[in-house]
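Structural features, examined
Listed below, chain by chain, are the residues.
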Amino acid sequence: MTSPLDIHILYSRLSLRTHKSFKAPYTHLSMPTLELEMLINATAAATAKADAAMALAAQNAHDSQEAFFVYAGSLVFLMQAGFAMLEAGSVSRKSTMNILFKNMCDAGIGAMSFWLIGYAIAFGDGTNFAGASKWGLNHDAFTRISATVDGAVGEYSMWFFQFTFAATAATIVSGAVAERTALGAYLVYSVFITAVIYPIVVFWGWSGGFNSTWTANGFSQGMSDFAGSGIVHLVGGSAGLVGAIAVGPRKGRFTNPDPSAFKPHNVTLQALGTIMLWFGWYGFNCGSGSMAIAGKVATTTTIGAAACCLTGVLLSKVFGAEKIWDVGVGMNCILAGLVSITAGANVIEPWGAFMAGVIGAFVYLGASKLITFMKIDDPLDAFAVHGACGFWGLLVVGIFGTKSAFVFATGEDGGCLETGGCGAILAANASFGIAVVLWTVSTTGLVFGMLKLVGKLAPGCVGENFPTFAPEGGIDLVEHGGQAYIFDEEMGKKHEADVKKPASAAEIGISAAADVAPTVTAE
């Protein structure tokens, strides 16, 4: 293979000989044809070599992005375990198997529904409302070995990554309707949200719909929801609110005088689940963009979650009714901060992420108090965390997005000011959020309403087995034929009594003299 140095030498010799042989008139010009032919061949060979190197670099970039995308999707899928642990720890111990089963089925139903129907509606060719191709992944895009070599990902990787998002949207609802929803009814709902309700919102925002990031229909700038504050979390939170209203509160939730009756049964599971969700969120947010901006996205994601957590626990300590360092508030504020930053993690600066998290704590606490005041039973605060903070996350982009951050992430300024603020995007995102709420509330209301009408939403709708859904019976025994824990009822009652009444020294076998240091005598 001719090297660039060889080409340079040939070119120099050719130029020299052409110059020496140049005589007037021009017809006396002598051309060194051999060297000229060698130069042309060498140039062609070098060009081919450069083209091959560029093609290899492009293929490597494509392969790297594919691997990054699948890895990020795997982290998002791990969030299913985080949701399972968080929800299992938040409910009664006698509802643990049921909530775990729902989380497991959300993943299974989500995969089947999104494979056969959901992906086609979300990412198929269609109108401004929904896609209508790629049914069952049966499309030419799925038969090519490599769809592109420019760093973009192929259709299979896109399906896997987007499936994990669909499963997340469905799982959010399981916490809102926990402990009193018939399993069959919940599974029917899970099919509808992953096959139709959520995919249509995806098409609107991420795939060429009426207010897509990529089409700018109706606005000088289309909506901007980087990783799904509105598209994923607002859908899940709104659906959870509708489900909680439709199924009604747990028996005694707002009438039991004992405030501990509905406390979480395992704070350890809650905390582990929350940290696992935070970990998985790096796949959720970083995977939604290219590797080039992953570090920036990870930074803003971390700051948003941390700021919301610290703000929430301080507010709870200073202004809360019990004036305590509330672990539950801290965990939910971590999630609220993550939801708040998700839409704008790529286009805001660290200071904007901090502000998004701080204000997100106020949004979460306010929404949680409002839901409780309205006597809506939401055991996981799903609406406050995902619904209210999801809408806030959409607004964050328009309020705190900066021109330089938009250019860094997208190559365009987004119509933003350098000091922060994107008027067109704020309007687009607000309108999109309202559309998402209206669509989700109306469609999930129809699903839950029909299930309630036919008496399938919960056994309480027709009176069958309803008492066993109360805390003293447990939904696990009804739906699954057992319980998650081997528990001695008498020992449990004795433990609860001991916790309420401090034991005396005699009861725990400690004498008063035990606190006195023993006398040591010299031998």
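Refer to the preceding data block for the structure.
A short tour of the structure in this document, coming up. For every chain, the first residue of the written sequence is number 1, and numbering continues from 1 along that sequence. Owing to the predicted nature of the model, reporting of local features is limited to residues with pLDDT of at least 70; listing and counting of side-chain atom pairs is limited to 80 or more, with chain, interface and lining totals taken over all residues. Calculated side-chain values reflect all of the structure's heavy atoms, with hydrogen atoms and water omitted.

A pair is scored as a salt bridge if a Lys or Arg side-chain nitrogen falls within 4 Å of a carboxyl oxygen belonging to Asp or Glu. This model, assessed by the stated rule, comprises four salt bridges. Where E179 meets R250, a salt bridge forms, and the shortest distance between an N and an O atom there is 2.6 Å. One end of the pair, E179, is in the loop between helix 4 (155–176) and helix 5 (183–206); the other, R250, is in the loop between helix 6 (229–247) and helix 7 (267–286), with 71 residues separating them in the sequence. Accessible area is worked out with a 1.4 Å probe on protein chains only. A residue is then buried under 20% of its type maximum, exposed over 50%, and partly exposed in between. On the accessibility criterion, E179 (9% relative accessible area) is buried. Relative accessible area serves as the criterion here: at 8%, R250 is assigned to the buried category. Linked through salt bridges whose partners overlap, the residues forming this network are E179, R250, R253 and D377. Secondary structure elements are taken from DSSP: a helix is a run of H or I of four residues or more, a strand is a run of E of two residues or more, and numbering for both begins at the N terminus.

Only the contacting stretch of a helix is used when fitting its axis, a line to C-alpha atoms as for every element, and angles between N-to-C directions run 0 to 180 degrees. Contact geometry for helix 7 and helix 8 (residues 294–319): axes closest at 9 Å, N-to-C directions at 135°. Comparing their axes, helix 8 and helix 7 come out oblique. In this structure, the crossing between helix 7 and helix 8 has a hand that is right-handed. Where helix 7 approaches helix 8, its residues W278, Y282, N285 and C286 are matched on the opposing element by A294, V297, A298, T301, T302, A305 and A306. Residue polarity follows a fixed list, in which Ala, Val, Leu, Ile, Met, Phe, Trp, Tyr, Cys and Pro are nonpolar, Asp, Glu, Lys and Arg are charged, and the others, Gly among them, are polar. A breakdown of the residues in the contact of helix 7 with helix 8 according to their chemical character gives eight nonpolar, three polar and no charged. Every angle not falling under 35 degrees, over 145, or within 65 to 115 is termed oblique; those three ranges are roughly parallel, roughly antiparallel and roughly perpendicular. The handedness criterion is simple: a crossing whose near helix is rotated anticlockwise from the far helix by less than a right angle is left-handed, and one whose near helix is rotated clockwise is right-handed. Contacts are residue-level and defined by heavy atoms, with any inter-residue pair within 4.5 Å sufficient.

On to helix 11 (residues 382–400). Helix span, expected: 1.5 Å multiplied by one less than the number of residues in the helix. Under the 1.5 Å per step criterion, the end-to-end length of helix 11 is 25 Å for 19 residues, consistent within 8% with the ideal 27 Å. One fitted axis covers the seven residues ending at a residue, a second covers the seven starting there, and the bend at that residue is the angle between these axes. Maximal helix bending in helix 11 amounts to about 30°, located at G390.

Moving on, we get to the environment of T171. Positionally, T171 belongs in helix 4. A residue is classified by how much of its surface remains accessible, and T171, at 0% relative accessible area, is buried. Sequence separation of T171 and K102 is 69 residues, and the distance between their C-alpha atoms is 8.0 Å. With residues near it in sequence (within four places) discarded, T171 still touches Q80, F83, E87, N103, D106 and Y186. As used in this structure description, the phrase polar contact means that two N or O atoms lie within 3.5 Å; if the pair is within protein, one of them must be able to donate a hydrogen and the other to accept it, and residues adjacent in sequence are counted only when both atoms belong to side chains. Among the polar contacts made by the side chain of T171, one reaches the side chain of Q80 at a distance of 3.0 Å.

With that settled, the discussion passes to the side chain of D106. With respect to the helices and strands, the residue D106 is situated in helix 3 (residues 96–123). Nearest to the buried, unbridged D106 among oppositely charged side chains is K102, at 8.6 Å. Filtering out sequence-adjacent residues up to four positions away, D106 remains in contact with Q80, A167, A170, T171, S174, Y186 and S190. Neither His nor the chain termini are counted; the positive set is Lys and Arg, and the negative set is Asp and Glu.

Position of V347 among the secondary structure elements: in the loop between helix 9 (327–342) and helix 10 (350–373). Residue classification places V347 among the buried positions, given a relative accessible area of 0%. It is 9.7 Å that separates the C-alpha atoms of V347 and D413, two residues lying 66 residues apart in sequence. Contacts of V347, omitting those with residues within four sequence positions, involve V397, G401, T402, A405, F406 and A409.

With that settled, the discussion passes to the packing of aromatic side chains. Only Phe, Tyr and Trp rings take part, Trp by its six-membered ring, and two of them pair if their centres are within 6.5 Å. Stacked means planes under 30 degrees apart, edge-to-face means over 60, and tilted covers everything else. Counted under the stated rule, the structure contains 17 aromatic pairs. Summarising the aromatic geometry, the rings of Y119 and F123 are spaced 5.2 Å apart at their centres and angled 35° between planes, so their arrangement reads as tilted. Highlighted residues: Y119 and F123, both in helix 3, separated by four residues, approximately one helical turn. Under the relative-accessibility criterion, Y119 is labelled buried at 1%. The buried category is assigned to F123, whose relative accessible area is 13%. Against the face of F262 rests R253, its NZ or CZ located 6.0 Å from the ring centre. In this scheme, the term charge over a ring applies when either NZ of a lysine or CZ of an arginine sits within 6 Å of the ring centre and within 35 degrees of the ring normal.

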